Amino acid sequence: MTVTLGQAINHALVDAMQEDERVLVFGEDVGRLGGVFRVTDGLQQKFGEERCFDTPLAESGIVGTAIGLAMAGWRPVPEMQFDGFTYPAFEQIVSHLAKLRNRSRGHLRMPITLRIPYGGGIGAVEHHSESPEAYWAHTAGLRVVTPSTPSDAYSMMREAIASDDPVVFLEPKRRYWMKEELELPVTTAPADQAVIRRHGDTATLIAYGPMVRTALDAADAAEAEGWSLEVVDLRSLAPLDIATITASAEKTGRIVVVHEASRTLGLGAEIAAIVQQEAFYSLEAPVLRVTGFDTPYPPAMLERYWLPGIDRILDAVQQSLTW
Amino acid sequence: MSRQVSNPDELLPGDLVRVIEPDGTVRQHDDFPFDIEDETLVDLYRQMLLTRAVDREAINLQRQGQLAVYPSCLGQEAAQVGAARALRNDDWVFPSYRELGFALARGIDPIRMMHVYRGTWLGDHDPHEHSFGHITIPIATQVLHATGFAMGTKLDGKDTVTVACCGDGATSEGDTHEAMTFAGVFEAPVVFFVQNNQYAISVPLERQTAAPTLAHKAIGYGMPGVRCDGNDVLATYAVMQSVVNRAREGGGPAMVEAVTYRREAHTTSDDPTRYRSDTEVEEAARHDPVDRLRLVLDQRDLRDDTVEREIADECAAATSKVRAAIYDADHDDPMEMFDHVMAGDTAFLDDQRAQLRAELAADAAGS
């Protein structure tokens with residue numbers, strides 16, 4: 001069947017709720033409306049208002065009550081409506097969701113999957129296109145994952161919900177409508193493993209979430225230059241799959257990290273540090289980064305200048321090759 | 001579509017509920033009747049004195065460098081012990097960090113709490129063992145956990161009630177607003193138990209709110225607000241058992257403002273002489289909650305030398321037990337910090353784990 005990334009998440013939620021009656025889905029507009037992106041469409045009709053419900057418009061309240069529900073033995077899957085609206089919940093996420101297991105010496109578990117549509121490229125107004133992943137990846141105690149394909153979206157969502165750890169599940173909103181032919185249920189690689197989306201030996205593009213498609217398009221275009229680019233899809237941002245990153249660095253000797261989030265102290269910085277430590281003698285050039293600029297996310301009319309695209313990626317590859 | 005409240009005025013707080021008269025006579029409040037046995041009165045007295053003794057010992061231990069810091073609950077014993085008495089064992093409590101009296105009343109070993117203030121571990125009991133959450137330091141964040149927990153027990157069809165503890169300062173936090181909003185909307189069986197001890201570190205109540213009282217806030221969330229004299233253990237008990245039973249029977253959440261006074265510093269690191277006068281503190285001490293209950297016991301002839309001696313012995317035993325366990329206590333295994341980061345595989349921490357292990361081995365070899 002043809003499934004979009006958004007539909008794949010919807011199927012994963014349905015199947016998880018069917019399999020485990022302790023799974024609850026809640027947030028702003030997720031019930032009657034089915035979510036502003038329709039990712040939770042039909043859940044309330046199928047499972048009733050007790051298992052899929054609209055909450056008051058209060059993000060800290062959504063995460064804070066999810067923590068209490070988890071303590072009471074439920075398996076909550078709360079939604080933050082947009083990336084830019086996660087910040088009111090920052091304290092609950094960082095001070096409690098991430099730390100309660102540790103604080104309680106393992107007596108408490110936080111089997112919470114926090115869904116966050118993130119990233120730009122949809123022509124949205126301010127605060128609707130942010131890439132806050134580094135905040136979560138920097139926080140000990142959280143798993144942070146982001147799928148780049150419908151089959152991964154399904155499989156990684158099922159894995160996140162089944163996990164006894166808190167998982168920040170970042171949904172690349174500009175890819176919600178990306179299609180794939182697949183049979184459900186589908187199980188892909190475990191979420192904490194990076195996968196090679198395309199094999200090559202000229203240089204490696206390391207990307208995740210919305211930028212994987214862009215990196216693959218860049219790799220296609222690079223063929224015209226005679227370059228064979230490898231594309232690594234990280235999938236898990238915390239923890240990072242160091243082995244796969246290192247292996248690709250050793251293979252190609254040239255690494256370009258691509259992400260939408262701003263450059264300074266983004267995931268690219270961490271990956272550059274890992275690569276120079278683990279594959280120092282294999283490197284033919286410094287690790288380069290193709291990222292959003294260190295500016296606030298621009299107005300929609302300007303986002304095409306801000307978001308990393310094929311040309312900017314190929315420029316970086318060129319720079320790496322001619323270092 | 002708003003919830004139908006037949007008479008919103010019923011949600012407003014009436015006068016401060018007080019039960020113990022100045023001479024020790026117990027005068028029942030019409031709206032909050034209660035039964036209490038003589039034995040229970042003595043037990044409340046015992047718990048309040050035990051709280052005070054352990055609280056004092058904790059301050060002493062901090063002064064001797066044995067605790068990093070300690071937030072005293074001196075003066076708030078009646079509020080905590082009275083509220084705890086209104087609960088069943090399977091009811092839940094989500095405390096802040098000034099809830100020693102509540103914790104003792106729930107059967108938690110004070111040693112476990114003192115380890116937190118010593119810095120041996122971050123939170124050292126299983127919340128499910130005593131239906132009592134961890135000491136929570138970020139202000140008001142626990143009231144959301146309590147509300148979510150109550151939503152969860154309601155979904156399970158249980159009749160347990162959850163108490164969300166917080167102070168006057170916490171009522172200014174957004175999380176309290178969000179928690180009370182959720183509790184009202186979902187009719188969660190949660191009671192917001194606000195100990196108004198007049199200060200948030202140095203900032204007095206009038207800087208927290210322009211509302212007539214904290215209890216007035218409740219009407220905004222569609223729940224009743226009640227004010228009780230938090231230095232009156234029986235008033236606190238009477239009010240709490242009323243709203244707890246109401247919640248248990250499906251009546252929804254409520255807010256209780258227990259009016260009391262924080263007689264010690266905010267924590268042992270604080271210097272209250274910079275923001276309040278000795279006269280004010282001395283005046284507050286004249287309304288001591290233990291003295292109030294003692295009058296009741298004396299009027300009923302429930303207190304003699306034997307009772308006092310037994311309680312004093314119990315307090316001495318408890319404090320020396322705490323002292324023995326805490327004094328110079330160490331954490332026996334630094335490697336433990338890696339054990340509770342994630343439920344699943346933490347292989348990604350292996351390097352860091354190995355680093356500390358090697359450092360410890362080198363230290364051991366060198367010593």
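Whatever comes next refers back to the structure up there.
Residues numbered from 1 in each chain as written. Chains lettered and ligands numbered in written order. Predicted model: local features only at pLDDT ≥ 70, side-chain atom pairs only at ≥ 80, totals over all residues. Heavy atoms only, no water.

Please set out empty space enclosed by the protein residue by residue, giving values where relevant.
Vacant regions in the atomic arrangement are exposed by a probe of water-molecule size rolled over the atoms. With the rule as written, the count across this model stands at four cavities of 30 Å³ or more. Taken as a whole, the largest cavity encloses approximately 80 Å³ of empty space. What lines the largest cavity is Met71, His96, Leu100, Arg103 and Leu108 of chain A together with Phe94, Pro95, Gly133, His134, Thr136, Gln142 and His145 of chain B. Those elements giving two or more residues to the lining of the largest cavity turn out to be helix H5 (100-103) of chain A together with helix H6 (141-155) of chain B. Estimated volume of the second largest cavity: approximately 50 Å³. Lining the second largest cavity are Tyr70, Pro71, Tyr97, Arg98, Glu99, Leu100, Met113, Tyr117 and Ile135 of chain B. (1 Å grid on protein atoms, 1.4 Å probe; cavity = no way out; pocket = protein on both sides within 12 Å on 5 of 7 lines; lining within 4 Å. Points joined across faces, edges and corners; volume = space filled by probe spheres on them. Helix = DSSP H or I, 4+ residues; strand = E, 2+ residues; numbered from the N terminus.)

Break down the interface of chain A and chain B for me, with residues and values.
Counting from both sides, the interface comprises 38 residues of chain A and, opposite them, 41 residues of chain B. Summed over both partners, the interface of chain A with chain B comes to about 3400 Å²; 62% of that surface belongs to carbon and sulfur atoms. Note that Glu336 of chain B and Arg105 of chain A form a salt bridge whose closest N and O atoms lie 2.7 Å from each other. Taken together, the connections running from chain A to chain B amount to 19 residue pairs in polar contact (both at pLDDT 80 or more). Going through the elements one at a time, strand E3 (52-54), helix H3 (59-71), helix H4 (90-97) and H5 of chain A are the ones with two or more residues in the side of chain A that touches chain B. When residues of the side of chain A that touches chain B are assigned to their parent elements, the largest contribution, ten residues, is made by H3 of chain A. Its residues assigned to classes, the side of chain A that touches chain B comprises 13 nonpolar, 14 polar and eleven charged. (Contact = heavy atoms within 4.5 Å. Buried area = accessible area lost by both parts, 1.4 Å probe. Salt bridge = Lys/Arg side-chain N within 4 Å of Asp/Glu carboxyl O. Polar contact = N/O pair within 3.5 Å; in protein donor to acceptor, adjacent residues only side chain to side chain. Nonpolar A, V, L, I, M, F, W, Y, C, P; charged D, E, K, R; others polar.)

Explain the layout of surface pockets to me, and be specific about the residues and the numbers.
When its volume is computed, the largest pocket comes out at roughly 920 Å³. Listing elements by their share of the lining of the largest pocket, those giving two or more residues are helix H6 (133-137), strand E12 (236-238) and helix H10 (267-278) of chain A together with helix H12 (350-366) of chain B. Sort the elements by how many residues they give to the lining of the largest pocket and H10 of chain A lands first, with seven residues. Among the residues making up the lining of the largest pocket, the classes are represented as 20 nonpolar, six polar and three charged.

So, the sheet that holds strand E13 (residues 255-262) of chain A: which residues are in play, and what are the values?
Think of a sheet as strands paired side by side through backbone hydrogen bonds, with each pair either parallel or antiparallel. All names here are of chain A. Spatial strand order, E9-E11-E10-E13-E14: five strands in an open sheet with mixed pairing. Either end of the sheet is taken by a strand with one partner, and the two such strands are strand E9 (195-198) and strand E14 (288-292). The sheet shows a mean angle of 25 degrees between the axes of neighbouring strands, taken without regard to direction. Alignment of E9 against strand E11 (residues 229-233), held across three bridges, turns out to be antiparallel. Its bridge partner lying in E11, Val195 is registered against Asp233. Sheet contacts for helix H12 (residues 310-321): strand E10 (203-207), E11, E13 and E14; angle to E14, the most-contacted strand, approximately 165 degrees. (Pairing = 2+ DSSP bridges. Axes fitted to C-alpha atoms, helices over the stretch in contact; angles between N-to-C directions.)

Describe the environment of Ala300 of chain A, and please don't skip the residues or the numbers.
All names here are of chain A. Following the sequence through the fold, Ala300 ends up in the loop between E14 and helix H11 (303-306). Once the C-alpha coordinates of Ala300 and Gly120 are considered, the two residues, 180 residues apart in sequence, prove to be 8.8 Å apart. The contacts of Ala300, once residues within four sequence positions are left out, are Gly123 and Ala124.

Now, about the packing of helix H4 (residues 110-118) of chain B against helix H11 (residues 305-326) of chain B: what can you tell me, with residues and values included?
Residue and element names in this part refer to chain B. Across the interface, H4 lies against H11 with an axial gap of 10 Å and an inter-helix angle of 45 degrees. One finds that H4 runs oblique with respect to H11. Considering the relative orientation of H4 and H11, their crossing is right-handed. Seen from H4, the contacting residues are Pro110, Ile111, Met114, His115 and Arg118; seen from H11, they are Lys321, Val322, Ala325 and Ile326. Counted by class, the contact of H4 with H11 contains six nonpolar, one polar and two charged residues. (Parallel < 35°, antiparallel > 145°, perpendicular 65-115°, else oblique. Left-handed = near helix turned anticlockwise from the far one by under 90°.)

Tell me about the pattern of salt bridges, residues and numbers included.
Taken as a whole and assessed by the stated rule, the structure comprises 41 salt bridges over all chains. Salt bridges sharing common partners tie together Asp20, Arg75, Arg109 and Asp164 of chain A.

Summarise H4 of chain A; cite the residues concerned and give the values.
With respect to burial, H4 of chain A is a largely interior element, six of its eight residues being buried. Among the residues of H4 of chain A, those classed as buried are Gln92, Ile93, Val94, Ser95, His96 and Leu97 of chain A. Elements that come into contact with the buried residues of H4 of chain A comprise H3, H5, strand E5 (113-118) and H6 of chain A together with H6 and helix H7 (174-186) of chain B. (Buried < 20%, exposed > 50% of the residue type's maximum accessible area, 1.4 Å probe, protein only.)

How would you sum up the pairing of strand E2 (residues 162-167) of chain B? Please name residues and give values.
Two faces belong to every sheet, and in a regular strand the side chains alternate between them. Residue and element names in this part refer to chain B. Of all the six residues making up E2, five are buried; the element is thus mostly covered by neighbouring parts of the structure. Where strand E1 (residues 92-94) lies against E2, three bridges are found, and the strand directions are parallel. Paired with Phe94 across the two strands is Ala164, which belongs to E2. Bridging between E2 and strand E3 (residues 190-196) involves six bridges; their strand directions are parallel. In the strand pairing of E3, Ala164 is matched with Phe192.

By themselves, these figures tell us nothing about what the structure is for.
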